[in-house]
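One-letter residues, chain by chain:
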Amino acid sequence: MKYPQRIVCLTEETTETLYLLGQGDRIVGVSGYTVRPPEARQKPKVSAFINARFDKIQALEPDLVLAFSDLQADLAAELVRRGLAVVTFNQRTVAEILQMIRMLGGLVGCQAQAEDLAARLERDLDRIRSAASSFAERPRVFFEEWDDPLISGIRWVEELVEIAGGRPIFPEFADARLAKDRIVDPAEVARRDPQVVFASWCGKKVNKDRIRSRAGWNAVSAVRDDRIYEIKSTYILQPGPASLTEGVAQIHAILGRIQHKGH
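The written sequence of each chain sets the order in which its residues are numbered from 1. Local features in this predicted model are restricted to residues whose pLDDT is 70 or higher, and side-chain atom pairs enter the listing and the counts only when it is 80 or higher, whereas totals over whole chains, interfaces and linings include all residues. Hydrogens are left out, water is left out, and the side-chain values use all remaining heavy atoms of the structure.

Trainee: Is there a simple way to think about the nonpolar core in this case?
Mentor: Side chains of nonpolar character tend, in soluble globular proteins, to be buried together. Only buried Ala, Val, Leu, Ile, Met, Phe, Trp, Tyr and Cys residues count toward a nonpolar core, and they belong to the same one when joined by side-chain atoms within 4.5 Å. Type-normalised accessible area, obtained with a 1.4 Å probe on protein chains alone, sets the label of each residue: buried when under 20%, exposed when over 50%, and partly exposed for intermediate values. Leu160, Phe198, Ile251 and Leu255 are the most contacted members of the largest nonpolar core, which has 48 residues in total. Only DSSP runs of H or I with at least four residues qualify as helices, and only runs of E with at least two residues qualify as strands; both kinds are numbered from the N terminus onward. Among the elements that line this core, the one with the most residues is helix H5 (residues 111-132), at 7 residues. Among residues more than four places away in sequence, those in contact with Leu255 are Phe135, Pro139, Val141, Val161, Ala164, Gly165, Gly166, Val196 and Phe198. Counting residues in each nonpolar core, the second largest holds 19 residues, with Ile169, Val197, Ala199 and Trp217 among its members. The contact definition used throughout considers only heavy atoms, calling two residues in contact when any of these lie within 4.5 Å.

Structure below.
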């Protein structure tokens with residue numbers, strides 16, 4: 001076989017990308033968090049995010065394992081020690097997500113389809129960017145990716161907020177790759193007075209009352225105007241096609257509705 005035929009995906013975005021490339025049948029194992037596409041949930045589940053069932057993965061005899069970031073570095077190292085071929089992506093920006101799609105296409109021998117997919121995603125983002133450019137104003141946006149400690153959105157999320165028509169209130173975290181470097185003081189968020197709060201707490205439901213009741217937040221514009229919105233983490237916190245399609249579209253639609261209501 002010229003290219004890998006038995007692939008294990010330890011995160012959701014590589015699974016979704018392979019399905020979009022028409023290669024879902026090559027996937028033999030997925031992360032337990034996988035929800036896109038729904039049919040991928042029928043595959044054997046071999047991992048959570050930071051732990052995996054190594055013996056189960058080995059038993060599937062994969063010829064390629066796909067992992068993501070520092071959070072899976074230990075999993076990747078263990079699988080490499082067990083003699084498996086592992087590729088670990090580390091994309092944190094919109095441009096890197098598109099590059100990951102192109103690279104993955106090359107790994108499985110579907111370069112042309114991957115180029116088409118990445119180009120299509122880029123065109124969709126350009127369409128949203130140009131629609132957002134007609135907004136009368138770009139509201140100040142706080143994107144919270146965890147509640148305690150309070151963590152500001154990772155780079156691709158902040159980039160998508162900007163493309164969708166918002167203005168992130170913590171631009172200085174653009175290069176902070178690790179969550180611990182994006183921990184913010186709730187009082188500082190209140191001081192910067194976001195007009196919109198998007199929340200996506202990875203793996204748990206957002207509690208809007210808890211957001212509203214933070215000390216000093218009753219004066220925050222987003223709280224006062226009741227503009228706190230949940231974006232499900234599967235649509236925005238996975239650095240793959242979902243965030244570049246569904247995630248950014250949801251944010252853009254909400255910001256668009258706010259424009260029409262005006263102030």
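The discussion continues.
Trainee: I would appreciate a short explanation of the pairing of strand S2 (residues 27-31) in the present structure.
Mentor: Both faces of the sheet carry side chains from a regular strand, because those side chains alternate between them. The element S2 is largely enclosed, with a buried count of 5 among its 5 residues. Each pair of strands is called paired provided DSSP finds at least two bridges between the two strands. Across 2 bridges, strand S1 (residues 7-9) lies against S2 in parallel orientation. Looking at S2, one finds that Val8 is bridged to Gly29. Here 2 bridges tie S2 to strand S3 (residues 45-47), and the two strands are oriented parallel to one another. Opposite Ser31, over in S3, you have Ser47 as the bridge partner.

Trainee: What is the right way to read the pairing of strand S9 (residues 196-199) from this model?
Mentor: Neither face of S9 is open: one carries Val196 and Phe198, the other Val197 and Ala199, and all of them are buried. One ladder, built from 4 bridges, connects strand S6 (residues 140-147) with S9; its direction is parallel. Following the sheet pairing, Phe142 is matched in S9 by Val197. Bridge count between S9 and strand S10 (residues 228-230): 3 bridges; the pairing is parallel. For Phe198, the partnering residue across the bridge sits in S10 and is Tyr229.

Trainee: Teacher, can you tell me more about the pattern of salt bridges here?
Mentor: Oppositely charged side chains may form a pair once their charged atoms are brought near each other. Each reported salt bridge corresponds to a side-chain nitrogen of Lys or Arg within 4 Å of a carboxyl oxygen of Asp or Glu. Going through the model one piece at a time under the given rule, you end up with 24 salt bridges. Among the salt bridges present, the one from Arg92 reaches Asp70, with a minimum N-O distance of 2.8 Å. On the criterion of sequence distance, the pair formed by Arg92 in the loop between strand S5 (86-89) and helix H4 (94-107) and Asp70 in the loop between strand S4 (64-68) and helix H3 (73-81) is long-range, its members being 22 residues apart. Owing to a relative accessible area of 5%, Arg92 belongs among the buried residues under this scheme. The class of Asp70 is partly exposed, set by a relative accessible area of 40%. Between Arg127 and Asp124 there is a salt bridge, with the nearest N and O atoms lying 2.5 Å from each other. In this pair, Arg127 and Asp124 are both assigned in helix H5, 3 residues apart and thus about one turn of the helix distant. Sharing partners across several salt bridges, the network here consists of Asp55, Glu78, Arg81 and Arg82.

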